[in-house]
Amino acid sequence: KSGRETMRESRNRFYGTYHLNAVAAFVTLASDHYSLVKRYRGWKLPLAAYHMQRAVANANEAYHRLIHGSVVMTTDQIDVVTRIWRKAPRWLGGNVRRARRGVEVALSLEHPGSTTMKPHTRALLLITLAEIQWQMGEQREARGNYSRTLALVPEIETENSPDRLHQLVRVFSTVGFFHFDHDASTKEAHKLIDQALKLARGLGAE
């Protein structure tokens, strides 16, 4: 499916759900734009920048609707927007501090869904927090959250979620590459990356 077709379907969903829940509609549109960023590399880099900018714009719109309304953003929605704010460069509207605040709210008891979120959502939020902490020089805290992420693997393996294996690939690969990039010993890194590759091959064969 082409990027143009993907976004046409996304906009149709947006207009179909906006009147029901504007925050959710903008988060979904942001997520769809963000999903296309990795598709465009090399000479298509301007398209990647465009989709990242649109992802940030829609994440920001969801945030502004949230603070001026009575709707609570779910932990899954917070995961989406905080990842976008964390990954986007500042010149495209990235906002690391806002991302951190959002993750910390989702993981705290302040959020009504903090104790009922799925294990993979908690793992992804912890990864985003660890990435931010590492960027801010809080290396000890970041390592602690990467460890907490791996501790959730048994729960992710048994959670009632159709995409739990895809989420395990994300967890294994992200934490594995973190160890590969920042640790003197790469034994743990290779182990995690191998687990991610085996799972990904199995998903590809389905």
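As the structure is a prediction and not an experimental result, all values here were calculated from the model.

### What to know about the layout of surface pockets
In this structure, the largest pocket encloses a volume near 530 Å³. Lining the largest pocket are 16 residues, with Y34, K38, R83, K87 and R170 positioned closest to its centre. The set of elements that each furnish at least two residues to the lining of the largest pocket consists of α2 (22-35), α4 (75-87), α6 (119-135) and α9 (164-182). It is α6 that contributes the most residues to the lining of the largest pocket, 4 residues altogether. Its residues placed into classes, the lining of the largest pocket shows 5 nonpolar, 5 polar and 6 charged. Secondary structure elements with two or more residues in the lining of the second largest pocket: α3 (45-67), α4 and α5 (96-107). Here the residues of the lining of the second largest pocket are counted per class, giving 9 nonpolar, 3 polar and 3 charged.

### A short note on the packing of aromatic side chains
Tallying each qualifying case throughout the model produces 7 aromatic pairs. Relative to Y15, the ring of F14 lies with its centre 5.4 Å away and its plane at 75°, an arrangement referred to as edge-to-face. Take Y15: its relative accessible area is 60%, and that puts it in the exposed class. Between F14 and F26, the aromatic rings sit 5.0 Å apart at their centres with planes inclined by 65°, giving edge-to-face as the arrangement. Note that F14 is positioned in helix α1 (residues 3-17) and F26 in helix α2, a separation of 12 residues in sequence. Look at F14 and you get buried, because its relative accessible area is 11%.

### Quick word on the packing of helix α7 (residues 139-151) against α9
At their nearest, the axes of α7 and α9 sit 10 Å apart, and the two run at 145° to each other. When you trace α7 past α9, the crossing you get is left-handed. Of the residues in α9, those touching α7 at R143, Y146, T149 and L150 are V171, V175, F178 and H182. For the contact of α7 with α9, the class distribution of residues is 5 nonpolar, 2 polar and 1 charged.

### Overview of the environment of L199
Here L199 shows up in helix α10 (residues 187-204). Since its relative accessible area comes to 22%, L199 is described here as partly exposed. Expressed as a C-alpha distance, the spacing of L199 and D181, which sit 18 residues apart in the sequence, is 22 Å.

### Considerations on the environment of H51
In this fold, H51 is placed in helix α3. It is 9.9 Å that separates the C-alpha atoms of H51 and S31, two residues lying 20 residues apart in sequence. Leave out the neighbours within four places in its chain, and H51 touches M7, H33, L36, V37 and Y40.

### Points about α1
With 15 residues, α1 extends 21 Å from end C-alpha to end C-alpha; this agrees with the ideal 21 Å at 1.5 Å per step. Among all positions in α1, only G3, T6, M7, S10 and F14 are buried. Down the axis of α1, the sector holding all buried residues measures 90°, keeping them to one side. In α1, the exposed positions angled more than 90 degrees off the buried face are occupied by R4, N12 and Y15. Its buried side turned inward, α1 meets α2 and α3.

### Thoughts on the nonpolar core
Across soluble globular proteins, nonpolar side chains show a tendency to be buried alongside one another. Within the largest apolar cluster, 34 residues are counted, with the highest numbers of intra-cluster contacts made by V27, M73 and I84. Of all the elements in the fold, those that place two or more residues in this core are α1, α2, α3, α4, α5 and α6. Here this core takes 7 residues from α2, the largest share from any one element. Discounting chain neighbours no more than four positions away, the residues touching M73 are V23, V27, A62, Y63, L66, I78, V81 and H111. Counting 20 residues, the second-largest nonpolar core is a separate cluster that includes L126, V171, F172 and A196.

Criteria and thresholds
- Residues numbered from 1 in each chain as written.
- Predicted model: local features only at pLDDT ≥ 70, side-chain atom pairs only at ≥ 80, totals over all residues.
- Heavy atoms only, no water.
- 1 Å grid on protein atoms, 1.4 Å probe; cavity = no way out; pocket = protein on both sides within 12 Å on 5 of 7 lines; lining within 4 Å.
- Points joined across faces, edges and corners; volume = space filled by probe spheres on them.
- Helix = DSSP H or I, 4+ residues; strand = E, 2+ residues; numbered from the N terminus.
- Nonpolar A, V, L, I, M, F, W, Y, C, P; charged D, E, K, R; others polar.
- Phe/Tyr/Trp six-rings, centres within 6.5 Å; stacked < 30°, edge-to-face > 60°.
- Buried < 20%, exposed > 50% of the residue type's maximum accessible area, 1.4 Å probe, protein only.
- Axes fitted to C-alpha atoms, helices over the stretch in contact; angles between N-to-C directions.
- Left-handed = near helix turned anticlockwise from the far one by under 90°.
- Contact = heavy atoms within 4.5 Å.
- Expected span 1.5 Å × (residues − 1).
- Arc of directions from axis to C-beta.
- Core = buried A, V, L, I, M, F, W, Y, C linked by side-chain atoms within 4.5 Å.

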